[in-house]
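# Reading the structure
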2 protein chains.
Amino acid sequence: MSFSDVQQAYERIRSHIVRTPLLESATLNALLGARVLVKAESLQNAGAFKFRGAVNRLLQLSAAQRQAGVVAFSSGNHALATSAVARKLGIPASIIMPSDAPKAKIDGSRANGATVVLYDRQKDDREAIGAEIAGRTGAVIVPPYDDPDIMAGQGTVGLEIVEQAQALGAKLDAVIAASSGGGLVAGVATAVKALSADTAVYAGEPAGFDELARSLASGQPESNAPGAVSICDALQVVKPGKLTFPINLHYLSGSLVVTDDDVRRAMKAAYQHLRLVVEPGGAVPLAALLAGKLDIAGKTVAIVLSGGNVDTSVFIEALNV
Amino acid sequence: MSFSDVQQAYERIRSHIVRTPLLESATLNALLGARVLVKAESLQNAGAFKFRGAVNRLLQLSAAQRQAGVVAFSSGNHALATSAVARKLGIPASIIMPSDAPKAKIDGSRANGATVVLYDRQKDDREAIGAEIAGRTGAVIVPPYDDPDIMAGQGTVGLEIVEQAQALGAKLDAVIAASSGGGLVAGVATAVKALSADTAVYAGEPAGFDELARSLASGQPESNAPGAVSICDALQVVKPGKLTFPINLHYLSGSLVVTDDDVRRAMKAAYQHLRLVVEPGGAVPLAALLAGKLDIAGKTVAIVLSGGNVDTSVFIEALNV
């Protein structure tokens, strides 16, 4: 996956997506002693950046493939995105989701007309379940991150950030995006480095699921210990993606690791200063800044708030922090 | 105030404002049986459309006027906007606010460096207090709505809505914006009618503060009875504006009146389906649609969600509806 793939993806998908705004809060800037530009992907169709990759992939299916349908495995946002795109394009969709995914994400995928298959996150292998359905029905598997078209679609977030920052007259010192399988940050890094080579790109991860931070440090794919728990339902993988990791190893300056309380404080700050509803995983880059995980004094930093699909009890808990 | 004033305002202010997105939710469309395009002015600088009018006015002050400063009287959003613009342009600001304004709005205006003067909404005359300060200091009064530059600035919301709807290939049957003094809806109507003459424009108001609905019906300015109470802190005037009312009487198809519970349900829907934090007054147009105040079956309607400055207790109360 190269920058020209991101550019081609953008031409393909731009009439289907929201060009989400790059927002700024004077209060937040004062609080952080930096200029912070906030890419509000929580306002993307289906409430997360995942729509970009899914629509880029599904628009390239053949007529026969569209008829056979698609299968996606996802902790939630990729499920919502794939089912939303499938509905829009009239493609049948089966979505394989962990049984402990947020109710908002399971219900939303069903409301989009998808057949939802639940699995146990600790015991079952979601990729095997997907392969079984695909084998039986002929449906095309739409992976959540290890796919060049998915990564290129997510990379359009980075392309827009650089364009929008330039329009504001801002020179970006750094860009931060959350990482689970690493598709978003791999795509963003590919675009940002092509357009603005001096800008540092960082991932952000929740404690207990910091495989990318450790893999970047060791130079090889490291796994998370089983049994970890995090409020960030969208950011829970075992190990870095096969296709995403080499890209991230090449481009990233590091991955910033935050706690659940850091995340709750960031959700509250996004609500208060930006009037955005952000889900836990989507708040990680802001959590990293508020927790002082990166020295940004006097700098200009863009952060991706990548999704807004959150159960109300979790959201209210964050507002009460 | 004519459409060319709105166009000139847009050229003047566009580098200072957020071009807020026109969002859409498949779930909300299905729920309402219509295509609903949501202008998210809650994402505007200082959290409300008011920034547009304030920056349009303040950019036209002379050097001597900038030095003498500005005075604004406001229930909150015009206070936040004027103080934010004044800080940005280095102009001293005094803001006259009701003592029962939301804490978020009083604190925010102070954080913007303004001198905040509180008054009693039931007893004091805010315009008299403003005139006294202006007389003593030479400061320029920045009225919240009865001013051609303020109305023209707010009208840029309507200009952007029509442009953004055209980009989506949507033909607008109606546009709805909340009304207090009527500056927003007067500006929006001026722009929308100039660009799309067949589009109906409606105001929205809270019960107890429905002076515009009654004034449009009678053809002359009607007043609200004293003592009414509404969750919509931003939409509480006694009678229609002197300059705004003739414009609204000329252009509007009516004003839709909603209850506090309608408003709370709309705040929850905006949170759930659009991931937006909207304040009570800003949710009125969505409340009108959800409460069935307008027959929109099969139509395309744009609504302005005009602000997002809400105290957390009020917001959580809406989420718990």
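As the structure is a prediction and not an experimental result, all values here were calculated from the model.

### Considerations on the relation of the copies chain A and chain B
Structural alignment of chain A on chain B gives an RMSD of 0.0 Å, achieved by rotating through 180° and translating 0.0 Å along the axis. The transformation just described matches what one would write down for a two-fold rotation axis. Minimal C-alpha distance to the rotation axis in chain A is attained by A:Leu276, lying at 2.7 Å. The fraction of interface residues of chain A whose copies in chain B are also interface residues reaches 100%, indicating that both copies meet through the same surface.

### Brief notes about the UniProt feature "domain: Tryptophan synthase beta chain-like PALP" (unreviewed entry) in chain A
The feature "domain: Tryptophan synthase beta chain-like PALP" (unreviewed entry), as annotated in UniProt, sits at residues 14-307 of chain A in this numbering. This span, residues 14-307 of chain A, is 43% helix and 16% strand, and a straight line between its end C-alpha atoms measures 19 Å.

### Structural notes on the domain arrangement of chain A
All names here are of chain A. Each assigned domain of chain A is listed here: domain 1 (3-48 + 147-320) and domain 2 (51-141). Computed over C-alpha atoms, the centres of domain 1 and domain 2 are 23 Å apart. Counting residues at the interface gives 31 residues for domain 1, matched by 22 residues for domain 2. Counting each side, the surface lost to burial between domain 1 and domain 2 is near 2,100 Å², with a carbon and sulfur contribution of 51%. At the junction of domain 1 and domain 2, the tally comes to five salt bridges. Two residues, Asp 233 and Lys 105, come together in a salt bridge whose shortest N-O distance is 2.6 Å. The interface formed by domain 1 and domain 2 holds 15 residue pairs in polar contact (both at pLDDT 80 or more) in total. In terms of residue count, the dominant contributor to the side of domain 1 that touches domain 2 is helix α8 (residues 148-167) (eight residues). Looking at the side of domain 1 that touches domain 2, its residues break down into 12 nonpolar, 10 polar and nine charged.

### Quick look at helix α1 (residues 3-13) of chain B
Residues and elements named next belong to chain B. Inspection of α1 places Phe 3, Val 6, Ala 9, Tyr 10 and Ile 13 among the buried residues, and these make up the whole buried set. Projected down its long axis, α1 shows its buried positions confined to an angular sector of 115°, all on one face. On its buried side, α1 packs onto α3 (50-58), α8 (148-167) and α9 (183-195).

### Section: the pattern of salt bridges
Side-chain pairs of opposite charge can arise whenever the charged atoms involved come near each other. All names here are of chain A. All told, the structure shown has 32 salt bridges over all chains when counted by the stated rule. Between Glu 279 and Lys 105 there is a salt bridge; the shortest N-O distance is 2.6 Å. With Glu 279 in the loop between α12 (260-274) and α13 (284-290) and Lys 105 in helix α6 (residues 103-111), the pair connects residues that are 174 residues apart, well separated along the chain. Residue Glu 279 shares its accessibility class with Lys 105, and that shared class is buried. A single network of salt bridges, built from pairs that share partners, joins Lys 39, Glu 41, Arg 52 and Glu 160.

### Examining the sheet that holds strand β3 (residues 70-73) of chain A
All names here are of chain A. One open sheet accounts for four strands, arranged β5-β4-β3-β6; its pairing is parallel. Taken across any chain shown, the strands that pair with only one partner, and hence form the sheet edges, are β5 (115-119) and β6 (140-141). Pairing geometry for β3 and strand β4 (residues 93-98), over four bridges, is parallel. Each bridged residue has a counterpart across the sheet, and for Val 70 the counterpart in β4 is Ala 93.

Conventions we followed
Once a new chain begins, its residue numbering starts again from 1 and follows that chain's sequence as written. Following the order in which they are written, the chains are lettered starting with A and the ligands numbered starting with 1. The predicted origin of the model limits local features to residues at a pLDDT of at least 70 and limits the giving and counting of side-chain atom pairs to 80 or more, whereas totals for whole chains, interfaces and linings rest on all residues. Side-chain calculation: all heavy atoms of the structure are included, whereas hydrogens and water are not. When the copies are superposed, the least-squares fit takes in the C-alpha atoms of residues with a pLDDT of at least 70 in both. Residues count as neighbours in contact if any of their non-hydrogen atoms are within 4.5 Å of one another. UniProt positions are given in the numbering used here, feature names are shortened, and annotations may be inferred rather than shown by experiment. Only DSSP runs of H or I with at least four residues qualify as helices, and only runs of E with at least two residues qualify as strands; both kinds are numbered from the N terminus onward. The start and end points of each domain follow an automatic or database-based domain assignment. Accessible area that two parts lose when put together, with a 1.4 Å probe and added across both, is what the buried area reports. Any Lys or Arg side-chain nitrogen found within 4 Å of a carboxyl oxygen on Asp or Glu counts as a salt bridge. N or O atoms within 3.5 Å of each other form a polar contact, as long as, within protein, one can give a hydrogen and the other can take it, and as long as residues adjacent in sequence are counted only when both atoms are side-chain atoms. Only Asp, Glu, Lys and Arg are considered charged in this grouping, and only Ala, Val, Leu, Ile, Met, Phe, Trp, Tyr, Cys and Pro are considered nonpolar; every other residue, Gly among them, is considered polar. Throughout, exposure labels follow a simple rule: accessible area from a 1.4 Å probe, protein chains only, divided by the maximum for the residue type, with under 20% read as buried, over 50% as exposed, and the rest as partly exposed. Here, the arc refers to the directions that run from the helix axis to the C-beta atoms. Pairing between strands is defined by DSSP: at least two bridges between the two strands are required.

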